[in-house]
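Structure at a glance
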Amino acid sequence: MRYVNALAATVVSVLLMVVLTVGGGPVPALGHVLDPAGGVWNWGRDAATAGSQTVRLHGMRAPATVSFDSAGVPTVRARSDRDLYLAEGYLHATFRLTQLDQYRRVAEGRLSELAGPSTLESDRFELQIGLLRTAQALWADTQKDSPEAQALIAYSEGVNDRLAELRRSGDWPGVFTLTGLYPRDWTPVDSLAIQNLLSQQLTLTSAPLNYAWLVDALGKERTMQWFPVLPVNDQRPYDVGPYRNLGVSPLPAERNANAAVPGGGGEACTVAPASLDTASGFGPAERAILTQFQRLPQTQTHTFSASNSWVANGPAVAGGRSMLAGDPHLQLSLPSYWYQLALSAPETEVTGASLVGLPGVVIGHNARIAWSMTDVQNQSTLFYREQTSPDRPGQYCWQGKWRHVQTLHYTIPVRGGADVPLTVDLTVHGPMVKAMEQTVAISWMGDYPAHLMRAILAVNKAGNYQQFREALSDWHSPTLNFTYADDQGNIAIMAAGYFPIIKAGEPWLPLSGTGGSDIVGTIPYAAAPQVYNPPSHVAASANQRPVGPDYPYYIGTSLNAFDNGYRADQIYAYLESHPSMTADDFRTLQMDVTDNLATRIVPRLTKALADTPLDGAQRAALDQLRSWDSRMTATSPGASIWWTFWSNYLSVVFQPWWDATHVRVDVDPQVLSVSAGLPSLDEDLEAWTLRDPDNPAFSPPGRPHGDAATAMRAAFAKTVSDLRKKLGDDPSTWQWSRLHTREIPSLLGAAALGYGPKPSEGDRWTVNAAEGDMNSSWGPSWRMVIDWTGTKTATATAVYPGGQSDNPTSPWYRNFIADWWNGRQRPMPPTGDTSTRWTLTPAS
Amino acid sequence: MTEVETHETAPAPPEAVTSSTGSATGVGTRATVAGLVAAVLIVTLATVAHLWFAPFVVGVALGAVTRLRAVRVRTALLTAVAAALVGWAVPLVWRAVVGEPVIAAAGATVAVAGLPALGWLLVVVALLVAVIQGMLGVWLSRALSGLFTGRRRPPDPAD
């Protein structure tokens, strides 16, 4: 018995100590995790707001200071740019280390090492699309004594200084202790990979495959009628022309970091384009790609139209100089993408939003100029159907010769599981997917290395429009509209980035990979959309198509590319009706929740219902609509009726066609389902309702002849019925907030560490945008207004939904949310108490 | 209160240990209290030094010492539990005293693990881990030492 007792005690003790020391499977090493002197409790220690202290940093050349305001916004003062960016890296790593590590893992395909098998799809995708390869190629292409390289190196040193501190103290943020995985040293390539991740989020789409899918079902003619290249509704481009055709700027294929080097080629091949064009139907590889896209988190591909920015000058602004407002829309998260700060050195004086992982300020102002940005949303992704042969495995036909597929091998470490091998095949067009007998390659502008850091750092120092434009000539992907206002009263909006041009073919559909439809170049920078000091004294970008129908280049279509222009219409309507605007006016406009489409459609609806017999609830609902001011306020019943009506109206008109032609939406419900999320259908229905009420689309197959009024009446009846079921019989109680909420999810995916869902105003088309589903987590990720009141004098305010720290227990984790939610902004740079000061000194 | 080990076959009165300050029981009590204080101190200081396994080590030591000194296992266990609890609680309480949001940190951890963010739950789990370590240490050392001393000594009825 004694032996049994001893054996049992030994076995249980060993098991317990093993679990506590090294963990097992998904269970972390609980001894380290729960260590009262360290462990996850250090999250609480980190939570303490920064106190004054002296910090010794390796790599610093001279002392610098960091002053924090009470909300955690730092002002860095250094004697050189190098020390400035080193301090910025140190700050990012001190307050956003968990986020930095998370972004790096996503971008470099190592998330599963932390999160387990659930994120394998993300890692496979990123290794295939090649953000890391592009970052490595870009770094290799960067002169190491250039300002961008020096900034990236200094930034990395700052991050690594913080990592070294943590390695010495063991006081890691809780997530690292919990997982037992600690970050390796930071490198410039990591920053560039994160830069590429953001580019991917803003520009990578599956639109050509969606087109192919629709063509398969609806037929090409109807697809192009309903999803045309140019929108059918009236839009307000910021560049109204005249336009110039300046030819094409070359973009050599060998610059694609994720394409195979074609080499001299092998034996001749016979091109068989018939098997590669759209008429051959939607293929299995394309389906595989769509499925892969659909499985990714929404933050990893371009999902929603987003961002507003506008400028005004001269008589349009109270001071007579210029003003700028910017609110880029992204997936909201805690912590935010942004980290607010001010940087000051002899050669740099800039304040605004930095992007975690990168040096410099991405959106903000310096002593002379202010800038913001919106996504152009032009087509940046092309798909090529490669010609292969079962007789020639591992080869494809390009430019008349058989070429070898280039193969790369990766191993993905998986937490709690075995490593997963991955093979990535590249053709001359990019990474390829093969399924059954079809091979499709993805050619994405983000695969072309782009010196964005060079551009950002030069913009930070620019003193006038010419320098600003010159700086952005290095900006290639993501393609963005940059808004500009300076202290001399000049304003501008200009698009920077690649607009790919192909030799021949329809780029919105999958293209033949045999060489005839290859990218030959891009729209020359000088011919890209732009406006400078417009006669109207106002200009706005809200992701609408930036140019009119006469623009001589193809830039994208109405499907999953440009916004339908309702936000832009509302912004222009406001700007053109408010002379001598103040910064308060701009802030008011940023919070505007008027649904511009409703202002045009609701009168048509009430007219259509005028002579229609209605029951009591329908009459009451109609009364609500008649007295509604088109504002999507939280308390408005009219907002609920309008939004439900528009969704039903789309469904009444288009769903019968989808059913009759068997459009299967399961491969990509986000893009293919009939909903208000499909800009093309919104634009069609708007245009037909206003100008073409007898369009044949109102008479689907097998149904009696219809028109817009008939469809509106049916949609309204369904709306009242739906809302009665959902919200009760009394339309006066159908407040929008009962249907609509906003949420700011935690980056770690923990519901308790996020914010909301909370009842909220706005919809996807209001200036104060709430994009996505009825529980919206996309919207203004940063709001900023800058008013130039004199030479080198500006009053600037900003706010973002979150806080400066990624530590959930910190008072700086979500302290900006209340201001953001209520439309309040904070002075930028901070002007309040900045008595907390760090002194950064060179370590010996 | 000190509990003296009894012998099955030859029960004998406990050896009277006297001193100038008190009776045998008093001395035993003082020894127990001293042992408890020492154990608490050791666990606390070791824990502060990131030696999170201190409750187990101290438990092992307590098991061995109490076995050698023929002290009942219950005493060893209670001492180990108290040392583990206090030794792990002191650093946590200290954190709270200096203003660290201990419960919030625990809540964040539990939330990341996918559970409702109930911070106190993790505090309880942490203290439980300490207690289990201490108890296991006592069990292990007494069980192993029983192998070597069992033939020379009668079994401990409390084992």
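Residues numbered from 1 in each chain as written. Chains lettered and ligands numbered in written order. Predicted model: local features only at pLDDT ≥ 70, side-chain atom pairs only at ≥ 80, totals over all residues.

1. Comments concerning the overall build of chain A
To keep things clear, this is the line we draw: Secondary structure counts use DSSP, requiring at least four H or I residues in a row for a helix and at least two E residues in a row for a strand, with both numbered from the N terminus. Atoms considered for the radius of gyration are the C-alpha atoms alone. The globule rule reads 2.2 Å times the number of residues to the power 0.38.
Along chain A, the regular secondary structure elements total 24 helices and 33 strands. Computed over its C-alpha atoms, the radius of gyration of chain A comes to 28 Å, within 12% of the 28 Å expected for a compact globule of 844 residues. Dimensions of chain A, computed from the C-alpha atoms along their principal axes, are close to 85 × 75 × 70 Å.

2. Points about the overall build of chain B
Using the following cut-off: The exposure label follows from counting other C-beta atoms within 10 Å of a residue's C-beta, where the C-beta atoms are placed from the backbone and the thresholds are 20 or more for buried and 12 or fewer for exposed, leaving partly exposed in between. Once C-beta atoms have been placed from the backbone, residue pairs whose C-beta atoms lie within 7 Å are recorded as contacts.
The secondary structure content of chain B amounts to 5 helices and 0 strands. Walking chain B from its N terminus toward its C terminus, one meets helices and strands in the order α-α-α-α-α. Among the 159 residues that make up chain B, the fraction classed as buried is 40%. A fraction of 69% describes how many contacts in chain B between residues 6 or more apart in sequence connect residues 24 or more apart.

3. Describing the pairing of strand 5 (residues 308–313) of chain A
All names here are of chain A. Where we set the bar: Strands pair, by our definition, only if DSSP identifies at least two bridges between them.
Counting buried residues along strand 5, 6 of its 6 residues qualify, which places the element largely inside the surrounding structure. Residues of strand 5 alternate between two faces, with Asn-308, Trp-310 and Ala-312 on one and Ser-309, Val-311 and Asn-313 on the opposite face, all of them buried. Both strand 5 and strand 6 (residues 322–327) contribute to a ladder of 6 bridges, which runs antiparallel. Bridge pairing in strand 6 places Ala-312 opposite Met-323.

4. As for the environment of A:Leu97
Residue and element names in this part refer to chain A. Here Leu-97 lies in helix 4 (residues 81–108). When the C-alpha atoms of Leu-97 and Ser-630 are compared, they prove to be 44 Å apart, with 533 residues separating the residues in sequence. For Leu-97, the contacting residues outside a window of four places in its chain are Arg-162, Pro-173 and Pro-183.

5. Some points on the environment of A:Val232
All names here are of chain A. Within the secondary structure, Val-232 sits in the loop between helix 12 (220–226) and strand 4 (249–250). Taking the number of C-beta atoms within 10 Å as the measure of exposure, Val-232 has 18 and is therefore partly exposed. A sequence separation of 64 residues divides Val-232 from Arg-168, and the C-alpha atoms of the two residues are 63 Å apart. The contact partners of Val-232, leaving out residues within four places of it in the chain, are Glu-683, Asp-684 and Ala-687.

6. Observations regarding the sheet that holds strand 21 (residues 500–502) of chain A
All names here are of chain A. Within the open sheet, the 3 strands sit side by side as 4-23-21. Their pairing is antiparallel. Since the sheet does not close on itself, it has two edges, and those belong to strand 4 and strand 21, each with one partner. Inspection of the sheet shows strand 4 paired to strand 23 (residues 519–522) by 2 bridges, in the antiparallel sense. Each bridged residue has a counterpart across the sheet, and for Ser-249 the counterpart in strand 23 is Thr-522.

7. A short note on the interface of chain B and chain A
When the parts of a complex come together, some accessible area is lost, and that lost area is often taken as the interface size. The criterion, for reference: Asp, Glu, Lys and Arg are counted as charged, while Ala, Val, Leu, Ile, Met, Phe, Trp, Tyr, Cys and Pro are counted as nonpolar; the rest, among them Gly, fall into the polar class.
If you look at the interface, chain B gives 33 residues, while chain A gives 35 residues. Secondary structure elements with two or more residues in the side of chain B that touches chain A: helix 1 (24–48), helix 3 (73–97), helix 4 (102–112) and helix 5 (119–149) of chain B. Examining the composition of the side of chain B that touches chain A, we find that 10 residues originate from one element, helix 5 of chain B, more than from any other. Here the side of chain B that touches chain A is composed, by residue class, of 25 nonpolar, 6 polar and 2 charged.

8. Some remarks on the sheet that holds strand 5 of chain A
Residues and elements named next belong to chain A. Applied cut-off: Note on geometry: axes are C-alpha line fits, over the in-contact stretch for helices, and angles between N-to-C directions span 0 to 180 degrees.
A sheet is described by the order of its strands in space; here 6 strands give the open sequence 25-5-6-30-31-32, paired in antiparallel fashion. A strand with exactly one partner marks an edge of an open sheet, and here the two such strands are strand 25 (538–541) and strand 32 (826–827). Summarising the sheet, strand 31 (residues 793–799) and strand 32 pair through 2 bridges and their orientation is antiparallel. Note on strand 32: the bridge partner recorded for Thr-797 is Pro-827. Of the strands in this sheet, strand 5 and strand 25 are in contact with helix 16 (residues 566–577), which crosses strand 25 at around 160°.

9. Considering unusual backbone geometry
All names here are of chain A. A cis amide bond links Leu-334 to the next residue, Pro-335, at an omega of 0°. Along the chain, Pro-335 turns up in the loop between strand 7 (329–331) and strand 8 (338–345). Of note, the amide linkage connecting Ser-477 to Pro-478 takes the cis form, showing an omega dihedral of 5°. Position of Pro-478 relative to the elements: it lies in the loop between helix 15 (465–472) and strand 19 (480–486). Positive phi, normally seen in glycine, also occurs at Gln-399, with a value near 50°. Given 14 C-beta atoms within 10 Å, Gln-399 falls into the partly exposed group. Backbone geometry places Asn-543, a non-glycine residue, at a positive phi of 70°. Position of Asn-543 among the secondary structure elements: in the loop between strand 25 and helix 16.

10. Overview of helix 1 (residues 2–22) of chain A
All names here are of chain A. Just so we agree on the cut-off: Residue count minus one, scaled by 1.5 Å, sets the expected span of a helix. Picture the helix axis, draw a direction to every C-beta atom, and the arc is the one those directions span.
With 21 residues, helix 1 extends 30 Å between its outermost C-alpha atoms, agreeing within 8% with the 30 Å of an ideal straight helix rising 1.5 Å per residue. Inspection of helix 1 places Ala-6, Ala-9, Ser-13 and Leu-20 among the buried residues, and these make up the whole buried set. For helix 1, the buried positions fall inside an angular range of 75° around the axis, keeping them on one side. The exposed residues of helix 1 that point more than 90 degrees off its buried face are Tyr-3, Val-4, Val-11, Val-14 and Leu-15. The first or second residue beyond helix 1 is Gly-23, which carries a positive phi of 75°.

11. Brief notes about the packing of helix 18 (residues 596–608) of chain A against helix 19 (residues 616–626) of chain A
Packed helix pairs are characterised by how far apart their axes lie and by the angle those axes make with each other. Residue and element names in this part refer to chain A. Counted only if it meets this: The hand of a helix crossing depends on one turn: near helix anticlockwise from the far one by less than a right angle means left-handed, and clockwise means right-handed.
With their axes 10 Å apart at the nearest point, helix 18 and helix 19 run at an angle of 145° to one another. You can see that helix 18 and helix 19 cross each other, and the crossing is left-handed. Contacts between helix 18 and helix 19 involve Val-602, Leu-605 and Thr-606 from the first element and Leu-622, Leu-625 and Arg-626 from the second.

12. Topic: the environment of A:Thr557
All names here are of chain A. Note on placement: Thr-557 falls in the loop between strand 25 and helix 16. Note: C-alpha distance between Thr-557 and Leu-840 (283 residues apart in sequence) is 51 Å. Non-local contacts of Thr-557, meaning those with residues more than four positions away in its chain, are made with Phe-227, Pro-228, Val-229 and Trp-508.

13. Examining helix 20 (residues 637–660) of chain A
Residues and elements named next belong to chain A. Selection rule: What we call the bend at a residue is the angle made by axes fitted to the seven residues finishing there and the seven residues starting there.
The terminal C-alpha atoms of helix 20 lie 34 Å apart, and with 24 residues this matches the ideal 34 Å at 1.5 Å per residue to within 8%. Along helix 20, the sharpest change in direction is near 40° and occurs at Phe-654; proline Pro-656 comes one to four residues later. Positioned one or two residues after helix 20, His-662 has a phi angle of 55°, which is positive.

14. Considering the confidence of the model for chain B
Residues and elements named next belong to chain B. Convention followed: Known as pLDDT, the predictor's confidence for each residue is given on a scale from 0 to 100.
Of all residues in chain B, 76% have pLDDT values of 70 or greater, and the mean over the chain is 81. Ranking the elements of chain B by mean pLDDT puts helix 1 last with 86 and helix 3 first with 94. Low confidence marks residues 1–22, where pLDDT is under 50. Its contacts with residues over four positions away, or in another chain, come to 30 contacts.

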